[in-house]
Amino acid sequence: MHCPYCRHTDTRVIDSRTADDGGAIRRRRQCSDCQKRFSTVEQMQLAVLKRSGATEPFDRAKAIAGVAKACKGRPVGDDDLARLGQQVEDALRASGWAEAPAHEVGLAILGPLRELDEVAYLRFASVYRSFESADDFETEIAMLRAERPAPAEARADPPPIPADAAPGDTARAGVTPARSRHT
Ligand SMILES: [Zn+2]
């Protein structure tokens, strides 16, 4: 590995220790020419096993590209996507895949994407799970609604809490904000 300061091709390892609970090795190196020091991290190459049987290195940018399409026109920024890419990679590494099947990559995307934006999630899920009819959307939306903390959360205009609401309703509205975070 060449020196990042002077491009000299000979550097030597002066310290080596495991990091990330043994998931990586961090090495301290010194250039034998300019004597400057720098660190490298050696990490397992996470690979994706494609349906064709071929494997390719996991590429965070590539994984995000599909999600970015689903997020078009939605209030999802580059930072959100970068964070999602990180979450997906972390999840795949944490699950111990040396070669993650392609569909596992998609699965790892669905969870954090749902947290990020429900519309983008539905778009992505419709492609990823090959939705074939409006019924598939209906089923998925029903599941989203069932798992949503507050029933009014995704409405564009959260209805005001009626003055004569039952005490239970008022309490619930107080705990979970009824306003969608994107409005
Ligand atoms: Zn150097």
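Residues numbered from 1 in each chain as written. Predicted model: local features only at pLDDT ≥ 70, side-chain atom pairs only at ≥ 80, totals over all residues. Heavy atoms only, no water.

Let's talk about helix α2 (residues 78-94)
The α-helix winds at 3.6 residues per turn, so residues separated by three or four positions along the chain end up facing the same way. Put simply, the rule is: Strands are runs of DSSP state E lasting at least two residues, helices are runs of H or I lasting at least four, and both sets are numbered from the N terminus onward. For a helix, the expected span equals 1.5 Å multiplied by the residue count minus one. Residues are treated as being in contact if the distance between any of their heavy atoms lies within 4.5 Å.
Taking 1.5 Å per residue as the helical rise, α2 with its 17 residues ought to reach 24 Å, and the 24 Å between its terminal C-alpha atoms agrees with that figure. Against α1 (60-70), β6 (99-101) and α3 (102-116) lie the buried residues of α2. Just beyond α2, the residue with positive phi is G96, at close to 85°.

Comments concerning the sheet that holds strand β3 (residues 37-43)
Sheets are built from strands paired through backbone hydrogen bonds, the pairs being either parallel or antiparallel. Stated precisely, the cut-off is as follows: What makes two strands pair is DSSP finding at least two bridges between them. Note on definitions: angles span 0 to 180 degrees between N-to-C directions of axes, and those axes are lines fitted to C-alpha atoms, for helices only across the stretch in contact.
Read from one edge to the other, the open sheet built from three strands follows the order β1-β2-β3, with strand pairing classed as antiparallel. Among the strands making up the open sheet, the edge pair consists of β1 (11-19) and β3. Strand-to-strand twist across the sheet, computed as the mean angle between neighbouring axes with direction ignored, equals 25°.

Here we look at the nonpolar core
Heads up, the condition is: Buried Ala, Val, Leu, Ile, Met, Phe, Trp, Tyr and Cys residues form a nonpolar core when they are joined through side-chain atoms within 4.5 Å. Only protein chains enter the area calculation, which uses a 1.4 Å probe; residues under 20% of their type maximum are buried, those over 50% are exposed, and those in between are partly exposed.
Counting residues in each nonpolar core, the largest one holds 27 residues, and the members touching the most others are F58, V67, V88, L92, V105, I109 and L113. Residue assignment for this core shows that the elements contributing at least two residues are α1, α2, α3 and α4 (118-128). Apart from residues no more than four positions distant in its own chain, F58 is found in contact with Q45, L46, A47, V48, A63, V88, E89, L92 and V105.

A short note on the packing of aromatic side chains
Applicable threshold: Ring pairs shown here join Phe, Tyr and Trp side chains whose ring centres sit within 6.5 Å, with only the six-membered ring taken for Trp; geometry is labelled stacked below 30 degrees between planes, edge-to-face above 60, and tilted in between. Two limits define a charge over a ring: the Lys NZ or Arg CZ must be within 6 Å of the ring centre, and within 35 degrees of the ring normal.
Tallying each qualifying case throughout the model produces two aromatic pairs. A ring pair is formed by F124 and Y128, whose centres lie 6.1 Å apart and whose planes are at 15°; its orientation type is stacked. Pair noted here: F124 and Y128 are both in helix α4, with a separation of four residues, about one helical turn. Here the basic side chain of R114 rests over the ring of Y121, its NZ or CZ set 5.8 Å away from the ring centre.

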